[in-house]
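Descriptive analysis of the structure
Listed here are the chains, written in short residue letters.
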Amino acid sequence: MRRVDIKIAYRCNNKCKFCIQGKKREFLRDKTTDEIRRILQENVKDFKGVVFTGGEVTIVNDFLELVDFAKRIGYSSIQIQTNGRMFSYLDFCKKTIDAGANQFALAIHGSTEEVHDSLTRVDGSFDQTLQGIKNLKSLDQIVLTNTVVNKINHKDIPNIAKMLVGLHVYSFQFAFMHINPVIQNDKNLIDEIVPRYKDVKKYVEEGLDIGINANIKCATEAMTPCIIPKYIDYIAEKYIPETFIYDSDVARDFQKMKRDGAKLKGPKCSECIFFDECEGPWRDYGEIFGFDEFVPITK
Ligand code: SF4
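One structure accompanies this document, and this report is about it. Note that this is a predicted model, so its numbers are computed, not measured.

Okay, the packing of helix α5 (residues 113-120) against helix α6 (residues 125-138) next. Contact geometry of α5 with α6 gives a least axis separation of 8 Å together with a crossing angle of 110°. As the angle between them shows, α5 and α6 are arranged roughly perpendicular. Here α5 contributes Glu 113, His 116, Asp 117 and Thr 120 to the contact with α6, which in turn contributes Ser 125, Phe 126, Asp 127 and Thr 129. For the contact of α5 with α6, the per-class residue count stands at one nonpolar, four polar and three charged.

Written as structure tokens, this is what we have:
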């Protein structure tokens, strides 16, 4: 289903080391309720799905009112992308569901508080996110999760997968981290959190196997076919629906944005049979580490 993705706010109650929004929360204002209503209204004829994302949407004042508005004007799929902490309150879960949300995409970055909280830089965030998943599941909701793969958590990925299987989530995804926001925010973190593909591959594959064997939908994002040739069918980019993103003041086609420069293929990629369908790694990865890991698949 085609969907519109609206970044309704940049502020957040976590401070993730790899935050894709970088420092935007310091210099970009959140959208007003009227602006978001207008975006919803303008797009409903073309998109039946909407994703509310941020920043952290659940701490926005009119969050419930906006979900309710989206439902009333005709969006049939209303996904909430969230760090999940507010859903540790059962009453808040019920209010969000009553307003019309019907998919919940929670970010979980470790199987323990030690790993997760060290990445979010908020003590107690792991317990709250975990409780959020449990609460939403207890209310029969569709729960998807995303884990940002980085140098601190990559060895924990199989444990995260086992935990998510035990929680009976609908699907989980392991997304190789975006590097550019770290470069923009705090270059000192590059050594600490940016991993190499060769180091994470084994753990991502193990995590996918755990999901596959449990019959749970699972995928990985920003991993290329040459890195995980046996798991090509689990590369999320093949399945991400057409998505139109309202970031700061600009509306952009997500797929086009990646093709136009956020990702970059290497000098040998033209020899690869996946050249057309592969997006390549994030541009900054190749620029920092080179392209030796990306060996063309020729048959
Ligand atoms: S096009 Fe390049 S990055 Fe993509 S799979 Fe082939 S070699 Fe790897």
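In this section: the packing of helix α3 (residues 63-73) against helix α4 (residues 90-99). Look at α3 against α4: their axes get within 8 Å of each other, and the N-to-C directions meet at 30°. Classified by the angle their axes make, α3 and α4 are roughly parallel. Contact with α3, carried on its side by Phe 63, Leu 64, Val 67, Asp 68 and Lys 71, involves Phe 92, Lys 95, Thr 96, Asp 98 and Ala 99 of α4 and no other residues of that element. The residue makeup of the contact of α3 with α4, split by class, is five nonpolar, one polar and four charged.

The next point concerns the pattern of salt bridges. What the rule picks out here adds up to 13 salt bridges. Across the pair Glu 192 and Lys 17 runs a salt bridge, and its minimum N-O distance is 2.7 Å. With Glu 192 in helix α9 (residues 190-193) and Lys 17 in the loop between β1 (3-7) and α1 (24-27), this pair connects stretches of sequence that are 175 residues apart. Look at Glu 192 and you get partly exposed, because its relative accessible area is 36%. Judged by its relative accessible area of 13%, Lys 17 falls in the buried class. A salt bridge links Lys 263 to Glu 237; the shortest N-O distance between them is 2.8 Å. On the criterion of sequence distance, the pair formed by Lys 263 in the loop between α11 (254-262) and α12 (283-289) and Glu 237 in the loop between β7 (217-221) and β8 (243-246) is long-range, its members being 26 residues apart. Neither Lys 263 nor Glu 237 differs from the other in exposure class; each is buried.

Attention now moves to the site of the ligand. If you check the shell around the ligand, you find Thr 224, Pro 225, Cys 226, Cys 269, Cys 272, Phe 275, Cys 278, Phe 294, Val 295 and Pro 296 and nothing else. Placement of the ligand is best described as lying within the largest cavity. When the residues that make up the shell around the ligand are grouped by side-chain class, the tally is nine nonpolar, one polar and no charged.

Glancing now at the packing of aromatic side chains. Within a pair of aromatic rings, the relevant descriptors are the distance that separates the centres and the angle that separates the planes. The tally for this structure, following the rule as stated, stands at twelve aromatic pairs. Judged by centre distance (4.8 Å) and plane angle (55°), the rings of Tyr 285 and Phe 289 are tilted. Linking Tyr 285 with Phe 289, this pair stays in helix α12, spanning four residues, or about one helical turn. The class of Phe 289 is partly exposed, set by a relative accessible area of 25%. For the ring pair Tyr 285 and Phe 294, a centre distance of 5.9 Å and an interplane angle of 85° mean the geometry is edge-to-face.

Time to look at empty space enclosed by the protein. Scanning the entire structure with this criterion turns up one cavity of 30 Å³ or more. In this structure, the largest cavity encloses a volume near 110 Å³. Forming the boundary of the largest cavity are 16 residues, of which Cys 226, Cys 269, Cys 272, Cys 278 and Phe 294 lie nearest the centre. The residue inventory of the lining of the largest cavity, partitioned by class, reads twelve nonpolar, three polar and one charged.

Here the focus is helix α10 (residues 197-213). Quick reminder: α-helices carry 3.6 residues per turn. Residues three or four places apart thus point the same way. When the terminal C-alpha atoms of α10 are compared, their 24 Å separation across 17 residues agrees well with the 24 Å that a helix rising 1.5 Å per residue should span. Taken together, the buried positions of α10 are Tyr 197, Val 200, Tyr 203, Val 204, Glu 205, Gly 207, Leu 208 and Gly 211. Elements that come into contact with the buried residues of α10 comprise β5 (143-149), α7 (157-166), β6 (171-176), β7 and α12. Following α10 by one or two positions, Asn 215 adopts a phi angle in the positive range, close to 60°.

This part is about the nonpolar core. Phe 52 and Ile 80 are the most contacted members of the largest nonpolar core, which totals 77 residues. Counting residues per element, this core draws most heavily on α7, which supplies six residues.

As a further point, take the environment of Ser 111. Checked against the element boundaries, Ser 111 lands in the loop between β4 (103-107) and α5. With a relative accessible area of 17%, Ser 111 lands in the buried category. Between the C-alpha atoms of Ser 111 and Val 143, which are 32 residues apart in sequence, the distance is 17 Å. Once residues within four sequence positions are removed from consideration, Ser 111 is found in contact with Phe 126, Asp 156, Asn 159, Ile 160 and Met 163.

Rules and cut-offs
- Residues numbered from 1 in each chain as written.
- Predicted model: local features only at pLDDT ≥ 70, side-chain atom pairs only at ≥ 80, totals over all residues.
- Heavy atoms only, no water.
- Axes fitted to C-alpha atoms, helices over the stretch in contact; angles between N-to-C directions.
- Helix = DSSP H or I, 4+ residues; strand = E, 2+ residues; numbered from the N terminus.
- Parallel < 35°, antiparallel > 145°, perpendicular 65-115°, else oblique.
- Contact = heavy atoms within 4.5 Å.
- Nonpolar A, V, L, I, M, F, W, Y, C, P; charged D, E, K, R; others polar.
- Salt bridge = Lys/Arg side-chain N within 4 Å of Asp/Glu carboxyl O.
- Buried < 20%, exposed > 50% of the residue type's maximum accessible area, 1.4 Å probe, protein only.
- Near = heavy atom within 4 Å.
- 1 Å grid on protein atoms, 1.4 Å probe; cavity = no way out; pocket = protein on both sides within 12 Å on 5 of 7 lines; lining within 4 Å.
- Sits in = over half its atoms within 2 Å of the grid points.
- Phe/Tyr/Trp six-rings, centres within 6.5 Å; stacked < 30°, edge-to-face > 60°.
- Points joined across faces, edges and corners; volume = space filled by probe spheres on them.
- Expected span 1.5 Å × (residues − 1).
- Core = buried A, V, L, I, M, F, W, Y, C linked by side-chain atoms within 4.5 Å.

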